[in-house]
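The primary structure of each chain is shown beneath.
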Amino acid sequence: QKEVEQNSGPLSVPEGAIASLNCTYSDRGSQSFFWYRQYSGKSPELIMFIYSNGDKEDGRFTAQLNKASQYVSLLIRDSQPSDSATYLCAVMPGSQKLVFGQGTRLTINP
Amino acid sequence: DTEVTQTPKHLVMGMTNKKSLKCEQHMGHRAMYWYKQKAKKPPELMFVYSYEKLSINESVPSRFSPECPNSSLLNLHLHALQPEDSALYLCASSPGLQRGVSGANVLTFGAGSRLTVL
């Protein structure tokens, strides 16, 4: 079982709709969870981090964490074409190294 | 200054060359990282420095040699590389490595150095 699993997509969402990205992780001791966005040919940029169970909102983005189910998600409301990118879920298990999922390629269709 | 600066942006080298990648941050961060990213794959951790000391080496071949001259600088020395080492090399930094401290382990990435080995 991979440490961090994401559906690689591609995920296609109409402009203005909600995009939902999901991630599961295997290490129950993990305490830090991150979502990065990466445009083609560019480096990852942080969207959000979350440490506690529940929801964390920042503008159009909401991260959701459920440690009992070992599940973290990212919702993007009012999706824009500029949101088209690969979204990387990352988890920091007890070893303190950041482990990335394979990434989900998201396309927002105008 | 909230940036991590990497040089060069592009590097082409032969298998017998010696070259170095450089990374600099002025955010006062105490942890610095090297990641390697191949096309359509996620970044893979290579090395972690914490307070200028190597804390994690992910069994990287010795042809890659990291160096942390001071808290703001991180180098990756390259020697006798193979064509399969061609990739995007990403440097990152974080305030620290402490768990449970909000934001302490949030990584900020540089723009990367794209390496081609001929």
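Residues numbered from 1 in each chain as written. Chains lettered and ligands numbered in written order. Predicted model: local features only at pLDDT ≥ 70, side-chain atom pairs only at ≥ 80, totals over all residues. Heavy atoms only, no water.

Here we come to the overall build of chain A. When helices and strands are tallied, chain A shows zero helices and 11 strands. When its helices and strands are written in sequence order, chain A yields β-β-β-β-β-β-β-β-β-β-β. For chain A, the C-alpha radius of gyration of 13 Å lies close to 13 Å, the compact-globule estimate for 110 residues. In terms of its C-alpha atoms, chain A occupies a principal-axis envelope of roughly 40 × 30 × 20 Å. Across the 110 residues of chain A, 46% fall into the buried class. For chain A, the share of sequence-separated contacts (at least 6 apart) that also reach a separation of at least 24 residues comes to 53%. Separation of charge centres in chain A, based on 10 positive and 10 negative side chains, amounts to 5 Å. (Helix = DSSP H or I, 4+ residues; strand = E, 2+ residues; numbered from the N terminus. Rg over C-alpha atoms; globule rule 2.2 N^0.38 Å. Buried < 20%, exposed > 50% of the residue type's maximum accessible area, 1.4 Å probe, protein only. Contact = heavy atoms within 4.5 Å. Lys, Arg positive; Asp, Glu negative; His and termini not counted. Charge placed at Lys NZ, Arg CZ, Asp CG, Glu CD.)

Residue and element names in this part refer to chain A. If you walk across this open sheet you meet the five strands as β1-β3-β8-β7-β6, and the pairing is antiparallel. If you trace the sheet from one side to the other, it starts and ends with β1 (4-6) and β6 (54-58), each paired once. Direction aside, the axes of adjacent strands within the sheet are offset by 20° on average. Sheet topology places β1 next to strand β3 (residues 19-25); three bridges connect them, and they run antiparallel. By the bridge assignment, Glu 5 is partnered in β3 with Thr 24. (Pairing = 2+ DSSP bridges. Axes fitted to C-alpha atoms, helices over the stretch in contact; angles between N-to-C directions.)

Before going further, it helps to examine the side chain of Ser 72 of chain B. All names here are of chain B. Within the element layout of this structure, Ser 72 appears in the loop between β7 (64-70) and β8 (73-79). Judged by its relative accessible area of 19%, Ser 72 falls in the buried class. Beyond its immediate chain neighbours, meaning those up to four positions away, Ser 72 contacts Cys 23, Glu 24, Gln 25, His 26 and Met 32.

All we've got here are geometric facts, nothing functional implied.
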